[in-house]
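Structural characterization, general
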Amino acid sequence: MYGFILHAHTRPEQAEAFEQLFRAYVEPSRAEPGCIEYHMLRDAQDPTLFIFYEVWASPEAFAEHTALPHMREFHDQRMDYLRRDFEIREIEMLSPASAARA
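Below: a short report on this structure. Not measured: the values here are computed from a predicted model.

Quick look at the side chain of Glu-54 now. Considering the arrangement of structural elements, one finds Glu-54 in strand E3 (residues 49-56). The buried charged residue Glu-54 lacks any salt bridge, with Arg-30 as its nearest oppositely charged partner at 10.0 Å. At 2.9 Å, the side chain of Glu-54 forms a polar contact with the side chain of Trp-56. Setting aside chain neighbours within four positions, we find Glu-54 in contact with Tyr-2, Gly-3, Phe-4, Glu-37, Tyr-38, Phe-62 and His-65.

Here is the structure:
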């Protein structure tokens, strides 16, 4: 498995647009064959901070996800939304995936 936690610090004026854009990506991402977990969160203290918790079956499954046209398009335009580039921390899965997704 391949997992990570991603922090997206949006520009204040782009926070709502970023949320709307990525809310539309959640269910399609979860439906991808290699997706184990995909969660989009918004920090309660800082509404410009979005946190993604993602677990994919393999690095290759994640690469397939990032190669999709809408993900490539967003990657090219991400700095229109962000104050700084993504902060990504790879994680080691110490517990099994949730039963609903396993």
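Structure's up, so let's keep going.
Here we come to the pattern of salt bridges. A complete count under the given rule lists 7 salt bridges for this structure. In this structure, Glu-19 and Arg-42 form a salt bridge, with 2.4 Å as the shortest nitrogen-oxygen distance. Residue Glu-19 is found in helix H1 (residues 15-31), and its partner Arg-42 is found in strand E2 (residues 35-42); the two are separated by 23 residues along the sequence. By relative accessible area, which is 30% here, Arg-42 ends up partly exposed. Between Arg-78 and Asp-85 there is a salt bridge, with the nearest N and O atoms lying 2.8 Å from each other. For Arg-78, a relative accessible area of 16% translates into the label buried.

Considered for burial, the residues of helix H2 (residues 59-66) that qualify are Ala-61, Phe-62 and His-65. Along the axis of H2, the buried positions cluster into a sector of 100°, meaning they face one direction only. In this structure, H2 carries Glu-60 and Glu-64 as exposed residues pointing more than 90 degrees from its buried face. On its buried face, H2 is in contact with strand E1 (2-9), H1, E2, E3 and helix H3 (69-77).

Counted by the stated rule, this structure contains 15 aromatic pairs. Judged by centre distance (6.0 Å) and plane angle (65°), the ring pair of Phe-18 and Phe-74 falls under edge-to-face. Of this pair, Phe-18 sits in helix H1 while Phe-74 sits in helix H3; the two residues are 56 residues apart in sequence, bridging distant segments of the chain. Comparing Phe-18 with Phe-74, the two get one shared label, buried. The structure contains a cluster of three or more aromatic residues connected by ring pairs, namely Phe-18, Phe-22, Tyr-25, Tyr-38, Phe-50, Phe-52, Phe-74, Tyr-81 and Phe-86.

Here the largest pocket is characterised by a volume of approximately 330 Å³. In terms of lining, the largest pocket is formed by 18 residues, of which the most central are Leu-6, Phe-62, Thr-66, Met-71 and Phe-86. Of all the elements in the fold, those that place two or more residues in the lining of the largest pocket are E1, H1, E3, H2 and H3. Classifying every residue of the lining of the largest pocket by side-chain character gives 12 nonpolar, 3 polar and 3 charged.

Cut-offs used in this document
- Along each chain, the written sequence defines residue order, and numbers are assigned to residues from 1.
- Totals for whole chains, interfaces and linings use all residues, but because this is a predicted model, local features are given only for residues with pLDDT of at least 70 and pairs of side-chain atoms are given and counted only at 80 or more.
- Heavy atoms from the whole structure form the basis of all side-chain values; hydrogens and water molecules are not counted.
- Strands here are runs of E lasting at least two residues and helices are runs of H or I lasting at least four, both read from the DSSP assignment and numbered beginning at the N terminus.
- Partly exposed describes any residue whose relative accessible area lies between the buried limit of under 20% and the exposed limit of over 50%, with all areas from a 1.4 Å probe on protein chains only and scaled to the type maximum.
- For the purpose of charge, His is not counted, nor are the chain termini; Lys and Arg are scored as positive and Asp and Glu as negative.
- Salt bridges, as used here, are contacts in which a Lys or Arg side-chain nitrogen is within 4 Å of a carboxyl oxygen on Asp or Glu.
- As used in this structure description, the phrase polar contact means that two N or O atoms lie within 3.5 Å; if the pair is within protein, one of them must be able to donate a hydrogen and the other to accept it, and residues adjacent in sequence are counted only when both atoms belong to side chains.
- The criterion used for residue contact is that any of the two residues' heavy atoms lie within 4.5 Å.
- Here the arc refers to the directions that run from the helix axis out to each C-beta atom.
- Note on aromatic contacts: the rings of Phe and Tyr and the six-membered ring of Trp form a pair at centre separations within 6.5 Å, being stacked when their planes are under 30 degrees apart, edge-to-face when over 60 apart, and tilted otherwise.
- Of the two site types, the cavity is a set of points on a 1 Å grid over the protein atoms alone where a 1.4 Å probe fits but cannot get out, and the pocket is an open set with protein on both sides within 12 Å along at least five of seven lines, each lined by residues with an atom within 4 Å of a point.
- Grid points are joined across faces, edges and corners, and a volume is the space filled by probe spheres set on the points.
- Ten residues, namely Ala, Val, Leu, Ile, Met, Phe, Trp, Tyr, Cys and Pro, are considered nonpolar, four, namely Asp, Glu, Lys and Arg, are considered charged, and the remaining ones, Gly among them, are considered polar.

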